[in-house]
Amino acid sequence: MNGADVSKGLKGDAATSSKMCVDKNGNTVCQVYQITVTNNGTATAVVNGTLNITGTTFANLKWQLLNGTESSSLSTTTTYNPIATTTLDTGASLTASGSKTYFVMIWISNLSSDQSSDDTGSFTGSVTFNSADGAGVSATFSS
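Residues numbered from 1 in each chain as written. Predicted model: local features only at pLDDT ≥ 70, side-chain atom pairs only at ≥ 80, totals over all residues. Heavy atoms only, no water.

Student: Would you mind showing me how to read the environment of T95 here?
Tutor: Its location among the elements puts T95 in the loop between β6 (85-94) and β7 (99-108). On the accessibility criterion, T95 (49% relative accessible area) is partly exposed. (Helix = DSSP H or I, 4+ residues; strand = E, 2+ residues; numbered from the N terminus. Buried < 20%, exposed > 50% of the residue type's maximum accessible area, 1.4 Å probe, protein only.)

Below, the structure is given as structure tokens:
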């Protein structure tokens with residue numbers, strides 16, 4: 001997907017009933033993942049989160065944290081992050097039994113040339129949230 005088309009890719013195309021991440025030809029152009037961190041404790045917890053994306057062969061895999069609280073109200077932010085470990089949130093305050101949800105969109109950036117040897121295989125995302133005392137939780141997702 002072209003960088004200029006990230007917002008359009010998120011909303012989908014009218015030709016495909018505006019399905020998220022589906023272009024006018026019915027091709028999947030991105031993936032959106034929902035990440036929810038929940039405080040199961042009885043006191044407020046302040047956590048820091050990271051997202052680490054690894055892949056077999058991806059020179060142009062990008063991810064972006066989305067704005068919004070549910071899939072129907074998402075919009076793009078302005079930062080495209082390369083495949084790497086990147087901060088997802090810093091100092092997120094979770095009340096007792098509280099939670100916070102994040103949405104991340106992942107796509108391969110189009111270079112308008114053959115990318116079949118540069119962008120192939122699968123990727124894995126590892127999400128980690130740690131509190132100030134070092135206790136934490138992690139989860140993974142993959143393509």
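Structure's up, so let's keep going.
Student: Whenever I open this one, the environment of S116 confuses me. Can you help?
Tutor: Tracing the backbone shows S116 in the loop between β7 and β8 (119-131). Since its relative accessible area comes to 51%, S116 is described here as exposed. For the pair formed by S116 and F58, sequence separation is 58 residues and the distance between their alpha carbons is 9.9 Å.

Student: Please clarify how the state of the cysteines should be interpreted in this entry.
Tutor: In a disulfide, the sulfur atoms of two cysteines are held together by a covalent bond. Scanning the model with the defined rule gives one disulfide in all. Note on cysteine connectivity: C21 is disulfide-linked to C30, with sulfurs 1.9 Å apart. Sign of the S-S torsion, about -95° for the bond between C21 and C30, identifies this disulfide as left-handed. Residue classification places C30 among the buried residues on the basis of a relative accessible area of 4%. (Disulfide = S-S within 2.5 Å.)

Student: Teacher, can you tell me more about the nonpolar core here?
Tutor: If you look at soluble globular proteins, the nonpolar side chains tend to sit buried side by side. In this structure, L88, I106, F123 and F129 are the most contacted members of the largest nonpolar core, which totals 19 residues. Every element with two or more residues in this core is listed here: β1 (31-38), β2 (45-58), β3 (61-67), β6, β7 and β8. Tallying contributions element by element places β2 first for this core, with four residues. Contact partners of L88, with chain neighbours within four places excluded, come to I35, G49, T50, L51, W63, L65, Y102, V104, V127 and F129. (Core = buried A, V, L, I, M, F, W, Y, C linked by side-chain atoms within 4.5 Å. Contact = heavy atoms within 4.5 Å.)

Student: Please clarify how the environment of T38 should be interpreted in this entry.
Tutor: Topologically, T38 is positioned in strand β1. The spacing of T38 and N48 is 10 residues in sequence and 13 Å in space, taken between C-alpha atoms. Not counting residues up to four positions away in its chain, the partners in contact with T38 are G98 and S99.

Student: Where do I start with the packing of aromatic side chains in this structure?
Tutor: Any pair of aromatic rings gets described here by the distance separating the centres and the angle formed by the planes. Applying the stated criterion across every chain yields a total of two aromatic pairs. Arranged with centres 6.5 Å apart and planes meeting at 90°, the rings of Y33 and F123 form a pair that is edge-to-face. Of this pair, Y33 sits in strand β1 while F123 is found in strand β8, placing the two residues 90 residues apart along the sequence. The same class applies to Y33 and to F123, which are both buried. (Phe/Tyr/Trp six-rings, centres within 6.5 Å; stacked < 30°, edge-to-face > 60°.)

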